[in-house]
Amino acid sequence: MQRTAALPAVRTALAVAVAGAVIALSACGSSDSSGGSAGGFKAPDIPMAKKLGDKEGAVNILAWPGYAEDGSNDPATDWVTPFEKDTGCQATVKYFGSSDEALNLMKSGDYDVVSASGDATLRLIAGGYVQPVNTDLLTNYADIQPFLKNTAYNSVGGQMYGMPQGWGANLLTYNPDVVKPAPTSWADMFDASSPYQGKVSAYDSPIYIADAALVLMKTTPDLKITNPYALDKKQFDAAVALLKKQRGIVGEYWSDYAAQQQAFEKGDDVLGTSWQVIVNLVEADKKPIQGVVPDEGSTGWSDTWMINSKTKHVNCAYAWLDYIGGPQGNAAAAYYFGEAPANAKACDTIATVDKDPTFCDTFHAADAAYAKKIWYWTTPISQCLDGRTNVKCVPYSEWAKAWTEIKG
Amino acid sequence: MSLRQPGPRAGVATGLLLGPPLLWLGVAYLGALAALLVTAFFSVGEFTSEVIKVFTLDNFSSLLSEPIYRTVAFRTIGIAVLVTVVDAVLALPIAFFMAKVASPRVQRALVIAVLMPLWASYLVKAYAWRAMLSASGPLSSMGLHIGYGLPGLIITLGYLWLPYMILPVYAGLQRLPGSLLEASADLGASAGTTFRRVVIPSIFPSLVAGSIFTFSLTMGDYIAVKIVGGPTQMIGNVIYESVGTANNLPFAAAYAFVPILVMLVYLWAVRRTGALENL
């Protein structure tokens, strides 16, 4: 694909980013568990901007690699410079490699805006590191897909905390030449007697435990799992046991997306969990691959641009949010990264400017039903995210420990 | 003049010369290590992952009580031993040929050939092996399918660290006088006997010196494991994930005690062989 062909240098950075994206997790549930706060979660009282004033002339941007390209990786890839020309806000971009890193950097107050994944957002809000965002001041907010507004991971009690950027689902991915019949459920990746033993590729992050929980939601209704990120001890142990069984058929746990792409192309992997962007890359190399979201749904990510509570450039920060959530900025970033853009009009931009009219269909950008099937990455906390109060859930720190144990 | 005692100015000069490196060694190098080890006795908050600076032995007790960490530690030591053995077996004949058989011109060419891979990035070499071991890679097309996992990992690490074994062994063999080999042959010893009773004992310290490199470099590796190790985990991976994924620096620090201890024991054991003078 042109998008990726244009940026080999960024590939590694992106891979690191994506790996990082996967890493930390904090926010809440899927869109159907949506709305408002997670089990009594209270946001600190941070003032919100009421109106905008003169631009300060500078903005410091903290972003996933590929979200704010200023031409330094590839002179042809630059949507930061037009923003600077339009607004007079000189942008300084720093890329981060993981949600944990983003969280640490945001504490400093040196960065005005951050592109936070659903696994960092609630921790940023809870820590008081980001401020509520007045969406009336963002002209492009109206064009954001409705299912990305006021979700559990970017708002608290109906108050938005940022501008949605884009989202994507983890796909059940397979080589149609080898895997017959085609897999229809994630459970096919957890079959200890799978004929594809040694060629199954699982995602290398504790958050992948949620994928096992998603399978259990379907196969073992007795466990009564309603949200794969809200697991009590018994449910958690069942998910871990399932993953330990899966360990026997796993060929690789991947976190570098270029490595997984290569493994699919060379036939080292034939069945696994993957991303749309990887599927596209493999297809571009004319190798057999299929990616689907099975009926039971998928895990995935959704990113939101947030504003530091200690920002000294609030007007430029709003200008950036409006730009990056607008038809030009959002289209450029989502197209470059390979995800569904949050802004509905971004699809038109991609179709006309980038001459890729099928892009948004490929990523199901406007497909709310598809988006609803996704359980967005969320940091599991002791307080059950599904609202249960009679039991404690297993927090992320325990997920991380169990993950080491699962891999053995 | 030459008999003059070093004056106070010489002391100042020595101080200026040694000061910065010593400061570096003491503060930046050992200081960082000390900070790391102190961190091992702290813990982290659940939601914010901030380090809580209160003394606790929790990290060490979970290290000891949970079998997974023992499994990973023993696996890592096992891999390090295997890689060292593979490298020693490969390095001996190569180094012997270089030092005792090859003409000076060939010798120089071979030294360059051995050093050449060190000019390429570690990552490039590891990814090259990923391609080699792949199901559709060159090895597979020759009917030798290895794939990603323990065997592939040992091959890759053995390749990566081989120069560090060849060079000390080569240096050791160069110091071995050719007359010793001739004397042994004159006294009727076969080539095998000479090798076993003359060559090996005299270059043993060099072999051990090389093994310090291959062993310690393998102990600390975690990147090659990710690239060619399949689902395998080594100590380095667990530490890396404790920091990067779990944001649990204290536990990572506690686990870092394991390779440090293993290396201390190893160095203590090889101290008497004279290997440390052959590094």
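Predicted model, so just to flag it, every value in this text is computed and none were measured. Here the residue numbering is sequential within each chain, running from 1 through the sequence in written order. Numbering of ligands from 1 and lettering of chains from A proceed in the order in which they are written. Whole-chain, interface and lining totals are the exception, using all residues; otherwise, since this is a predicted model, local features are given only for residues with pLDDT of at least 70 and side-chain atom pairs are given and counted only at 80 or more.

1. Regarding the UniProt feature "domain: ABC transmembrane type-1" (unreviewed entry) in chain B
Where we set the bar: UniProt positions are given in the numbering used here, feature names are shortened, and annotations may be inferred rather than shown by experiment. The secondary structure listing takes helices from DSSP runs of H or I that are at least 4 residues long and strands from runs of E that are at least 2 residues long, numbered from the N terminus.
Cross-referencing UniProt, the feature "domain: ABC transmembrane type-1" (unreviewed entry) maps to residues 73-270 of chain B in the present numbering. Split by type, residues 73-270 of chain B is 80% helix and 0% strand. Its first and last C-alpha atoms lie 21 Å apart.

2. A closer look at the UniProt feature "transmembrane region" (unreviewed entry) in chain B
Residue and element names in this part refer to chain B. The feature "transmembrane region" (unreviewed entry), as annotated in UniProt, sits at residues 21-44, 72-97, 109-128, 148-167, 203-229 and 249-269 in this numbering. Summarising residues 72-97: 100% helix, 0% strand, and an end-to-end C-alpha distance of 38 Å. In the segment residues 148-167, helix accounts for 90% and strand for 0%; the C-alpha atoms at its two ends are 29 Å apart.

3. Description of the interface of chain A and chain B
Quick reminder of the rule: Residue pairs qualify as contacts under a 7 Å threshold applied to their C-beta atoms, which are placed from the backbone. By the convention adopted, Pro, Cys, Tyr, Trp, Phe, Met, Ile, Leu, Val and Ala count as nonpolar, Lys, Arg, Asp and Glu as charged, and the other residues, Gly among them, as polar.
At the junction of the two partners, chain A supplies 25 residues and chain B supplies 20 residues. Those elements that place two or more of their residues in the side of chain A that touches chain B are helix 5 (121-126), strand 9 (250-254) and helix 15 (396-407) of chain A. For the side of chain A that touches chain B, the element with the most residues is helix 15 of chain A, which contributes 5 residues. Considering only residue class, the side of chain A that touches chain B consists of 8 nonpolar, 9 polar and 8 charged.

4. Quick notes on the nonpolar core
Grouped burial of nonpolar side chains is what soluble globular proteins tend to show. We apply this condition: For the purposes of this analysis, a nonpolar core is taken to be any set of buried Ala, Val, Leu, Ile, Met, Phe, Trp, Tyr and Cys residues that are connected through C-beta atoms within 7 Å. Three exposure classes are used, all based on how many other C-beta atoms lie within 10 Å of a residue's own C-beta (placed from the backbone): buried at 20 or more, exposed at 12 or fewer, and partly exposed between those limits. What marks off one domain from the next here is an automatic or database domain assignment.
Within the largest apolar cluster, 132 residues are counted, with the highest numbers of intra-cluster contacts made by Val113, Ile209, Ala213, Ala239, Trp320 and Leu321 of chain A. Both domains that meet at this core, namely domain 1 (58-167 + 302-365) and domain 2 (171-274 + 381-407) of chain A, each give it at least three residues. Those residues in contact with leucine 321 of chain A that sit more than four places away from it in its chain are Val113, Val133, Leu138, Met163, Trp305 and Ile307 of chain A. Grouped together as the second largest cluster of nonpolar side chains are 53 residues, Val83, Leu160, Tyr164 and Met165 of chain B included.

5. Looking at the packing of helix 5 (residues 122-133) of chain B against helix 7 (residues 150-175) of chain B
Residues and elements named next belong to chain B. To be explicit about the condition: To get an axis, fit a line to the C-alpha atoms, keeping to the stretch in contact for a helix; angles then go from 0 to 180 degrees between the N-to-C directions. The crossing is said to be left-handed when, going from far helix to near helix, the turn is anticlockwise and less than a right angle, and right-handed when the turn is clockwise.
It is at 10 Å that the axes of helix 5 and helix 7 come closest, and there the two elements cross at 140°. The hand of the helix 5/helix 7 crossing is right-handed. Touching Tyr122, Lys125, Ala126, Trp129 and Leu133 of helix 5 are Gly152, Thr156, Tyr159 and Leu160, all from helix 7. Looking at the contact of helix 5 with helix 7, its residues break down into 6 nonpolar, 2 polar and 1 charged.

6. Side note on the confidence of the model for chain A
The predicted coordinates should not be examined in detail at positions where pLDDT is low. Put simply, the rule is: As a per-residue measure, pLDDT tells how confident the predictor is, with possible values from 0 to 100.
Residue-level pLDDT values for chain A average 85, and 90% of them are 70 or greater. Taken as a whole, residues 1-39 of chain A scores under 50 in pLDDT and shows 122 contacts with residues more than four places along the chain or in a different chain.

7. Structural notes on helix 11 (residues 235-244) of chain B
In terms of burial, helix 11 of chain B is a largely internal element, 8 of the 10 residues being buried. Among all positions of helix 11 of chain B, only Ile235, Gly236, Asn237, Val238, Ile239, Glu241, Ser242 and Gly244 of chain B are buried.

8. Considering the domain arrangement of chain A
Under the domain assignment used here, chain A contains domain 1 (58-167 + 302-365) and domain 2 (171-274 + 381-407). With centres defined by C-alpha atoms, the gap from domain 1 of chain A to domain 2 of chain A works out at 29 Å.

9. Remarks on the packing of helix 7 (residues 233-247) of chain A against helix 15 of chain A
All names here are of chain A. Under the convention used in this document: Each angle is binned into one of four classes, with values under 35 degrees roughly parallel, values over 145 roughly antiparallel, values of 65 to 115 roughly perpendicular, and all other values oblique.
Where helix 7 meets helix 15, the axes come as close as 9 Å, and the angle between the chain directions of the two elements is 30°. With respect to helix 15, the axis of helix 7 lies roughly parallel. Crossing geometry of helix 7 relative to helix 15 is assigned as right-handed. Residues Val240, Leu243, Lys244 and Arg247 of helix 7 form the contact with helix 15, whose own contacting residues are Ala402, Ile406 and Lys407. Here the contact of helix 7 with helix 15 is composed, by residue class, of 4 nonpolar, no polar and 3 charged.

10. A few points about the pairing of strand 12 (residues 298-308) of chain A
Walk down a regular strand and you will see the side chains alternate between the two sheet faces. Residues and elements named next belong to chain A. To be explicit about the condition: Pairs of strands are assigned from DSSP output, requiring at least two bridges between the strands.
When you tally the buried positions in strand 12, you get 11 out of 11 residues, the bulk of the element. When strand 3 (residues 113-117) meets strand 12, the two strands line up antiparallel, connected through 5 bridges. Within strand 12, the position partnered with valine 113 by the bridge is isoleucine 307. As paired strands, strand 4 (residues 130-131) and strand 12 are joined by 2 bridges and run antiparallel to one another. If you follow valine 130 over to strand 12, its bridge partner there is asparagine 308. As judged from the 6 bridges shared by strand 7 (residues 163-174) and strand 12, these two strands associate in the antiparallel manner. Bridge assignment links tryptophan 167 to a residue of strand 12, and that residue is serine 302. Here strand 12 runs beside strand 14 (residues 374-376); their pairing, made up of 3 bridges, is parallel. Counterpart to serine 298 in the pairing with strand 14 is isoleucine 374.

11. Re unusual backbone geometry
All names here are of chain A. Between lysine 180 and proline 181 the backbone carries a cis peptide bond, its omega angle lying at -5°. As for its placement among the helices and strands, proline 181 is situated in the loop between strand 7 and strand 8 (200-203). In the Ramachandran plot, asparagine 150 falls in the positive-phi region, its phi being about 50° despite a non-glycine side chain. Along the chain, asparagine 150 turns up in the loop between strand 4 and strand 5 (155-156). With phi around 55°, lysine 224 is a residue other than glycine that occupies positive phi space.

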